[in-house]
Amino acid sequence: DVKVTQSSRYLVKRTGEKVFLECVQDMDHENMFWYRQDPGLGLRLIYFSYDVKMKEKGDIPEGYSVSREKKERFSLILESASTNQTSMYLCASSFPSSLTDTQYFGPGTRLTVL
Amino acid sequence: SQKIEQNSEALNIQEGKTATLTCNYTNYSPAYLQWYRQDPGRGPVFLLLIRENEKEKRKERLKVTFDTTLKQSLFHITASQPADSATYLCALGMGGGNKLTFGTGTQLKVEL
């Protein structure tokens, strides 16, 4: 079974703090993604990565950065957390395929910024 | 602009009935469409994929249709059970190892 794990299920941080969210997958997938999910807005893509040290902006990259130093690990960084970044953060991975692109998700991290 | 629409209102049905969820899209030409299930506080889980040249796909009690002319997919759960209660997301993909674009999801509640 594909397993995607995220470093924390719940996180509470203060405004202005630097926040690291980590994601690890064990299926040797090339592709990894970070989403945030908010009520009424659905899943919105923040950043994705097709390979080690490669990254591309998604739909809402402002206020975020990412790091992918190893194939299995994809980190999301909030440089200076703000209250509007309170959300559920979901990581996903996939094997690049022209036929499916099925994504496997982690359990999510619910981040609250006070 | 590109848009994917799913019913924002929750769908309540009685156990044993067939649940039908809708996914409409505009300004896309997807290579395939996927359906995911999401339980509260959890990440989405893949259920079914249907390609642009397929009309219908089945898996146990699940059935998906894909009409590229209407730009619509229907997701059916037959003989629904309370355990089917969850939010269901559709996602469109262009293929080629690319990213997916998700709808906002429809919450399904199956009552006894």
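Thresholds applied
Residues numbered from 1 in each chain as written. Chains lettered and ligands numbered in written order. Predicted model: local features only at pLDDT ≥ 70, side-chain atom pairs only at ≥ 80, totals over all residues. Heavy atoms only, no water. Helix = DSSP H or I, 4+ residues; strand = E, 2+ residues; numbered from the N terminus. Rg over C-alpha atoms; globule rule 2.2 N^0.38 Å. Contact = heavy atoms within 4.5 Å. Areas by Shrake-Rupley, 256 points an atom, 1.4 Å probe, with all protein chains shown as cover. Lys, Arg positive; Asp, Glu negative; His and termini not counted. Charge placed at Lys NZ, Arg CZ, Asp CG, Glu CD. Phe/Tyr/Trp six-rings, centres within 6.5 Å; stacked < 30°, edge-to-face > 60°. Disulfide = S-S within 2.5 Å. Buried < 20%, exposed > 50% of the residue type's maximum accessible area, 1.4 Å probe, protein only.

Caption draft 1: Structural view of the overall build of chain B. For chain B, the helix and strand inventory stands at 0 helices and 11 strands. Of the regular secondary structure in chain B, the N- to C-terminal order runs β-β-β-β-β-β-β-β-β-β-β. For 112 residues, the compact-globule estimate of 2.2 N^0.38 gives 13 Å, and the C-alpha radius of gyration of chain B, at 13 Å, lies within 12% of that figure. By sequence separation, contacts in chain B at least 24 residues apart represent 55% of the contacts at least 6 residues apart. Carbon and sulfur atoms form 44% of the exposed surface of chain B, whose accessible area is close to 5,700 Å². Side chains of chain B carry 14 positive and 11 negative charges; the gap between the two charge centres is 4 Å.

Caption draft 2: The arrangement of the packing of aromatic side chains in detail. Tallied over the full model, the rule gives 13 aromatic pairs over all chains. Judged by centre distance (5.7 Å) and plane angle (35°), the rings of Tyr35(A) and Phe105(A) are tilted. Within this pair, whereas Tyr35(A) is found in strand 4 (residues 31-38), its partner Phe105(A) is found in strand 10 (residues 104-105), the two being separated by 70 residues in sequence. Between the aromatic rings of Trp35(B) and Phe75(B), the centroid separation amounts to 4.8 Å while the plane-to-plane angle is 20°, which identifies the pairing as stacked.

Caption draft 3: Quick peek at the state of the cysteines. Taken as a whole and judged by the stated rule, the model has 2 disulfides over all chains. The disulfide bridge from Cys23(A) ends at Cys91(A), spanning 1.9 Å between sulfur atoms. Across the disulfide from Cys23(A) to Cys91(A), rotation about the S-S bond amounts to roughly -75°, and the bridge is consequently left-handed. Of this pair, Cys23(A) sits in strand 3 (residues 19-25) while Cys91(A) sits in strand 9 (residues 87-94); the two residues are 68 residues apart in sequence, bridging distant segments of the chain. Across the pair, exposure class does not vary: Cys23(A) and Cys91(A) are buried alike. With its sulfur 2.0 Å from that of its partner, Cys23(B) forms a disulfide with Cys90(B). Its S-S torsion of approximately 65° makes the covalent link between Cys23(B) and Cys90(B) right-handed. A residue pair is termed long-range when its members are at least 10 positions apart, and Cys23(B) in strand 3 (residues 19-26) and Cys90(B) in strand 9 (residues 86-93) qualify at 67 residues. Here Cys23(B) and Cys90(B) have matching classes, each one buried.

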